[in-house]
Amino acid sequence: MAFGRGKVILLGEHGVVYGHPALAAGLGVGVHARAVASDVDVIEARPWGVFARVDDDDEPLAKGYAAILEGYPSTRPRLRVEVDVELPGGAGLGCSAALGVAVTGAIDEALGIERSATERGEYSLRWERVFHGNPSGVDNAMAAAGGIALFRKGHPLEPVRARRPLPLVIAHSGESSSTKEVVAMVARQHEKEPARVGEVFEGIASLVRNARLAVEAGDLAALGQLMDMNHALLSALMLSTEQLEALCRAAREAGALGAKLTGAGAGGCMIALAASRAQAEAIRARLATLSPLTLVAEAGGLDEDVMLADAEGRREEGKPE
Ligand code: MEV
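All of the points below concern the structure found in this document. Keep in mind that this is a model prediction, so the values were computed, not measured.

Comments concerning the overall build of the protein chain
Right, so step 1: Each helix and strand in the protein chain was counted, giving ten helices and twelve strands.
Right, so step 2: For the protein chain, whose C-alpha radius of gyration is 19 Å, the value lies close to the compact-globule estimate of 20 Å for 321 residues.
Right, so step 3: For the protein chain, the proportion of its 321 residues judged to be buried stands at 55%.
Right, so step 4: When contacts within the protein chain are restricted to residue pairs at least 6 apart in sequence, those whose partners lie at least 24 apart make up 72%.
Right, so step 5: The protein chain carries 33 positive and 43 negative side-chain charges, and their two centres are separated by 2 Å.

This is the structure in C-alpha cells:
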C-alpha cells in the first residue's frame, strides 16, 4: 500500500508559485493506493464512485493516471489502481498532490521500482499539472516527504526541526475552491499590477523566513503573529471570504495565537495556531459550530509528523476537478 499525505501551508502560499519560499507541514491523513495486475489500465476511487479506464477523457482521475503512466516503459504489465481518499478535495489540504504521490507509489511498488521521497514528489508533478496547470511543487514535495519543511521552487526541500510541536486547528469554510482558478486569478492581478503584487509576495517571503526561525525557536506567540500578518497579505490579494474571515475571527476570540487561510484560498480551509493541545481542542469545539469539518493536528511532534485527531466527515467532499 502506498501513501501520499495531505499538507497544510503554514505560511507562504501563492508567493511560492513565483519562486518565494513557503513553510508547510505534512498531515497524518492523505490517500492510500495500491496497484494490481489487470487486463487494462484502470483507476478506481470507490468513495467517489469512479471506475475509469485510462483512456476515459471524461474522467479527470483517468487523465491524471494517464499522465503518470506515460513515464513508465510501455512493456510494463497493465495495472488497476485503487485509491482510498481520506481528504476533502478543493479544501487546500493537498488532496490532488496526495493522490498523485500515492498513485505513483502504488505503481512503483507493483513494478518493483525504488524511488526516494524527493524523486516521487517530483515525478508525481505530472499528475498535479493535469489538475493545476502551474503548481509550485510544494504540495507534491510535502505529500511525499511529510514533516515540517521550507520549500522553494527548484530547490531541495529543507526540513525544519520544531523546538516545540505546533498545535493546529484546521477548519473547512464549507466552500470548495479550485487551486487552478485561484492561481490564475492571482496571475491576472500580478500581470495588471506587478509592483503591488510583487510587494505583497516580498512581504510574505519575509514572514516565511521569520516563521521558520520562530518554529525552530519554539516561539509560538511570534509564529501566530506572523500567521495573522500572512492572512492580511493574502486578503489583500482578495483570497479570503466572509466564511474564512468568520472562522479566523472566532479562532482568535477563542484564544488562538494566530489564524489564516491555508492553500489557495477563496474557500477551502483555514488554520489556527494554539498554545497547547488542550487549547487547540477548545478552539476546535468553537469552530465546529461554524464549520462542516474541523481537525486538530500537531505538526513537528517527535516523529516530525502531523497527527490528526477526530477528523469529521473528511470523505464527504468532492474529488479534484
Ligand atoms: C496550494 O496548496 C498552494 C498554492 O501556492 C499553489 C501552489 O503552490 O502550487 C496556492
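Following the structure, the description resumes.
Looking at the pattern of salt bridges
Right, so step 1: Inspection of the entire model under this criterion finds 17 salt bridges.
Right, so step 2: A salt bridge links D139 to K7; the nearest nitrogen and oxygen atoms lie 3.4 Å apart. A residue pair is termed long-range when its members are at least 10 positions apart, and D139 in helix α5 (residues 138-145) and K7 in strand β1 (residues 2-11) qualify at 132 residues.
Right, so step 3: We note a salt bridge from E82 to R34, for which the minimum N-O separation is 3.2 Å. Taken together, the residues span a long stretch of sequence, with E82 in strand β5 (residues 79-85) and R34 in strand β2 (residues 22-37) at a distance of 48 residues.
Right, so step 4: In this structure E82 comes out as buried when scored by relative accessible area, which is 15%.
Right, so step 5: Given the relative accessible area of 38%, R34 is considered partly exposed.
Right, so step 6: Overlapping salt bridges, with partners in common, bring together R34, E44, R46, R80 and E82 in one network.

So, the environment of V183
Right, so step 1: Structurally, the position occupied by V183 is in helix α6 (residues 179-192).
Right, so step 2: The class for V183 is buried, based on a relative accessible area of 12%.
Right, so step 3: C-alpha of V183 to C-alpha of H14: the two residues are 169 residues apart in sequence and 7.1 Å apart in space.
Right, so step 4: Residues in contact with V183, not counting those within four places in the same chain, are H14 and V17.

Regarding the site of the ligand
Right, so step 1: Among the 13 residues in the neighbourhood of the ligand, the closest are listed as K7, H14, V16, S136 and D139.
Right, so step 2: At 2.9 Å, a backbone N or O of H14 approaches an oxygen atom of the ligand.
Right, so step 3: A distance of 2.5 Å is found between an oxygen atom of the ligand and a side-chain nitrogen or oxygen belonging to S136.
Right, so step 4: If the ligand stood free it would expose 300 Å²; the protein chains cover 96% of that surface.
Right, so step 5: Within the residue set of the shell around the ligand, elements represented by two or more residues are β1 and α5.
Right, so step 6: Among the residues making up the shell around the ligand, the classes are represented as seven nonpolar, three polar and three charged.
Right, so step 7: Residues from two domains meet in the shell around the ligand; each of domain 1 (2-159) and domain 2 (166-299) gives at least three.

A look at the layout of surface pockets
Right, so step 1: Of the voids in this model, the second largest pocket is the one considered here, and its volume is about 330 Å³.
Right, so step 2: Lining the second largest pocket are 19 residues, with T118, E122, A141, F151 and L157 positioned closest to its centre.
Right, so step 3: Contributions of two or more residues to the lining of the second largest pocket are made by α3 (117-123), α5 and β6 (148-151).
Right, so step 4: Across the lining of the second largest pocket, the residue classes break down as ten nonpolar, seven polar and two charged.

What about the nonpolar core?
Right, so step 1: One finds L10, L11, L23, I148, L166 and M270 to be the most contacted residues of the largest nonpolar core, which totals 89 residues.
Right, so step 2: A per-element tally of this core places helix α7 (residues 194-217) first, with nine residues.
Right, so step 3: Each of domain 1 (2-159) and domain 2 (166-299) gives at least three residues to this core.
Right, so step 4: Beyond its immediate sequence surroundings of up to four residues, L23 is in contact with I9, L10, L11, I148, A149, L150, V160, V208, A211, R212 and V215.

Points about the packing of helix α1 (residues 60-69) against helix α2 (residues 95-111)
For any two helices packed against each other, the geometry is given by the interaxial angle and the distance between the axes.
Right, so step 1: In contact at an axis separation of 11 Å, α1 and α2 are set at 50° when each is read in the N-to-C sense. Viewed along their axes, α1 and α2 adopt a mutual orientation that is oblique. Judged by the sense of rotation from one axis to the other, the crossing of α1 with α2 is right-handed. Contacts between α1 and α2 involve L61, Y65, I68 and L69 from the first element and L99, G100, V103, T104 and I107 from the second.
Right, so step 2: Of the residues in the contact of α1 with α2, the class split is seven nonpolar, two polar and no charged.

Some points on the packing of aromatic side chains
Right, so step 1: As enumerated under the stated definition, the model contains three aromatic pairs in all.
Right, so step 2: Consider the rings of W127 and F131, whose centres lie 5.4 Å apart with planes at 35°: the pair is tilted. Taken as a pair, W127 and F131 lie in helix α4 (residues 125-132) at a separation of four residues, close to a single helical turn. The pair formed by W127 and F131 is uniform in burial state, with each residue classed as buried.

Observations regarding unusual backbone geometry
Right, so step 1: Positioned with a positive phi, H14 is a non-glycine residue whose angle comes to about 75°.
Right, so step 2: Position of H14 among the secondary structure elements: in the loop between β1 and β2.
Right, so step 3: Residues other than glycine seldom take positive phi values, yet A266 does so here, at roughly 60°.
Right, so step 4: Mapped onto the fold, A266 is located in the loop between β9 (258-261) and β10 (269-273).
Right, so step 5: We classify A266 as partly exposed; its relative accessible area is 29%.

Conventions used here
- Each residue is numbered by its place in its chain's sequence as written, counting from 1.
- Local features in this predicted model are restricted to residues of pLDDT 70 or higher, and side-chain atom pairs are both shown and tallied only at a pLDDT of 80 or more, whereas totals for entire chains, interfaces and linings draw on every residue.
- Values shown for side chains rest on all heavy atoms present in the structure; no hydrogens or waters enter the calculation.
- What counts as a helix is a DSSP run of H or I of at least four residues, what counts as a strand is a run of E of at least two, and both are numbered from the N terminus.
- For a compact globule the rule gives 2.2 Å times the number of residues to the power 0.38, and the radius of gyration it is set against comes from C-alpha atoms.
- Burial status follows relative accessibility: with a 1.4 Å probe on protein chains alone, a residue under 20% of its type maximum counts as buried, one over 50% as exposed, and anything between as partly exposed.
- Between two residues, a contact is recorded if the distance between any of their heavy atoms is within 4.5 Å.
- In this tally Asp and Glu are treated as negative and Lys and Arg as positive; neither His nor the chain ends contributes.
- Where a charge lies is defined by one atom per residue type: Lys uses NZ, Arg uses CZ, Asp uses CG and Glu uses CD.
- By convention in these notes, a salt bridge is any Lys or Arg side-chain nitrogen within 4 Å of a carboxyl oxygen on Asp or Glu.
- Near residues are defined by distance, with any heavy atom within 4 Å of the molecule or strand qualifying the residue.
- The definition of a polar contact used here is a pair of N or O atoms within 3.5 Å, where within protein one atom must be able to donate a hydrogen and the other to accept one, and adjacent residues in sequence count solely through side-chain atom pairs.
- In these tables, accessible area is a Shrake-Rupley quantity obtained with a 1.4 Å probe, and a residue counts as shielded only by the protein chains included in the view.
- Residue polarity follows a fixed list, in which Ala, Val, Leu, Ile, Met, Phe, Trp, Tyr, Cys and Pro are nonpolar, Asp, Glu, Lys and Arg are charged, and the others, Gly among them, are polar.
- Throughout the structure description, domain borders are defined by an automatic or database domain assignment.
- We place a 1 Å grid over just the protein atoms. Points where a 1.4 Å probe fits but has no way out form a cavity, open points with protein on both sides within 12 Å along at least 5 of 7 lines form a pocket, and any residue with an atom within 4 Å of a point lines it.
- Grid points are joined across faces, edges and corners, and a volume is the space filled by probe spheres set on the points.
- Note on terminology: a nonpolar core comprises buried Ala, Val, Leu, Ile, Met, Phe, Trp, Tyr and Cys residues joined through side-chain atoms within 4.5 Å.
- Inter-axis angles, ranging from 0 to 180 degrees, are taken between N-to-C directions of lines fitted to C-alpha atoms, where helices are fitted over the stretch in contact.
- Under this scheme an angle from 65 to 115 degrees is roughly perpendicular, one under 35 degrees roughly parallel, and one over 145 degrees roughly antiparallel; angles in between are oblique.
- For any helix crossing, the convention is left-handed if the near helix is rotated counterclockwise from the far helix by under a right angle, and right-handed if that rotation is clockwise.
- Each pair of aromatic rings taken from Phe, Tyr and Trp, with Trp reduced to its six-membered ring, is defined by centres within 6.5 Å and is described as stacked if the planes are under 30 degrees apart, edge-to-face if over 60, and tilted in the remaining cases.

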